[in-house]
Every structure is written in structure tokens, then in C-alpha cells.
Amino acid sequence: RVADVRSSGQALFFDEETGLTLDVWGFAAPFDDVLPRFQYAFDRAVASIEAIESGAVVNATAVVGESENRQVDHYNLRLREERVPGKSLAHSLALWDRVRTDVSQILAGEVVNAAGGRFRDAIFNGIGGSNLGPLMLVVGQLGNDFNMSDSVPVKMHFVS
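Scoring rules and cut-offs
Residues numbered from 1 in each chain as written. Predicted model: local features only at pLDDT ≥ 70, side-chain atom pairs only at ≥ 80, totals over all residues. Heavy atoms only, no water. Helix = DSSP H or I, 4+ residues; strand = E, 2+ residues; numbered from the N terminus. Contact = heavy atoms within 4.5 Å. Buried < 20%, exposed > 50% of the residue type's maximum accessible area, 1.4 Å probe, protein only. Pairing = 2+ DSSP bridges. Right-handed = clockwise from strand over helix to strand, strands pointing away. Expected span 1.5 Å × (residues − 1).

Draft legend 1. Structural detail: the environment of Pro-134. Structurally, Pro-134 can be placed in helix H4 (residues 132-142). Sequence spacing of Pro-134 and Phe-124 is 10 residues, and the spatial spacing of their C-alpha atoms is 7.8 Å. Look past the residues within four positions of Pro-134 in its chain and what remains in contact with it is Phe-124 and Phe-158.

Draft legend 2. The arrangement of the pairing of strand E7 (residues 155-159) in detail. Every second residue of E7 is oriented toward a common face, the buried set being Met-156 and Phe-158 and the non-buried set Lys-155, His-157 and Val-159. In terms of strand pairing, strand E6 (residues 121-125) meets E7 through 5 bridges, oriented parallel. Along E7, the bridge assignment pairs Asp-121 with Lys-155. Regarding topology, H4 serves as the crossover connection from E6 to the parallel E7, and that connection is right-handed.

Draft legend 3. Fine view of helix H3 (residues 89-107). Between the first and last C-alpha of H3 there are 27 Å, a value that for 19 residues agrees with the 27 Å anticipated at 1.5 Å per step. Residue Gly-109 follows H3 closely and has a positive phi angle near 80°.

In C-alpha cells form, the structure reads like this:
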């Protein structure tokens, strides 16, 4: 499935079925040595993607007590069809609408903390680095010193 397409001084893997192209020119190993190894890895990756897309349980481990034993739902949150119950693009968009409404109400002071005051801090808790996307967005919009500005109504903290 993976073809060796060497042209213009580039070493490329190209899979005709998926359209995936990978430039491996900078790999330390000779190209002819990399091709068979990559084929195995590519086939495994495609099989994993197909399992995820079909809604198969892929988050399982040999130690049952430590296993999530569930489907990968973050992938399914982008799909129009619902392959995993409650996980689809429509569900994602509805959740974002709810988040926007909640944030607007918090910033307007319509929703208050347990003491009856305004919220002053927001904590983004990201498991496995999930906080990095929101952090990069905030830094990109407001700069590295985003919490030092008086224009930020709620101070933001990122935990991973």
C-alpha cells in the first residue's frame, strides 16, 4: 500500500488508498531500510483509525481495574453521525453553546460563587496535556502576561 516516491530530492511515503504522504528525507536510517518498517507501522495505524472510526472499544488494557474500557469519544465528537452514544458533532456544538452561555452569565455577574461574589479565577484542568490548546489560544490572544492585565475579567490558570 505504501509506495516509494522519490523525486526532487525528497523521500516520500505515499499511500494511494488514504492519500497520506509522509516526507522521511531527514530520517537517520537509509530510505530502503525505513520503508518495510514504516509499512508495518502504517498498517497498524490505519487499523487503529478504522477501529476508532467504527466505534470499537479501544481504550482497554490487560489490567481490567485500570482500563477505561470505552470507545475513543474525542474523535467521534467531530462526526456528524453518532457512532458512540451521546458523542457527535451535534452534541459538541450543543455543549459549546451551553459553555458560551455559562461564560457570558459568569462574566456578566449573573452567576455568582458560593459566597455570592463574582468569580475571580478559572482553572483549566487538562488530563494528558489537554490544557495546552486553551493555554495557547489565551497566550496567542492576550500574550504571555495575560493574567497581569486588568482587561481580563477572570484570571486563568492552567493545570495538567
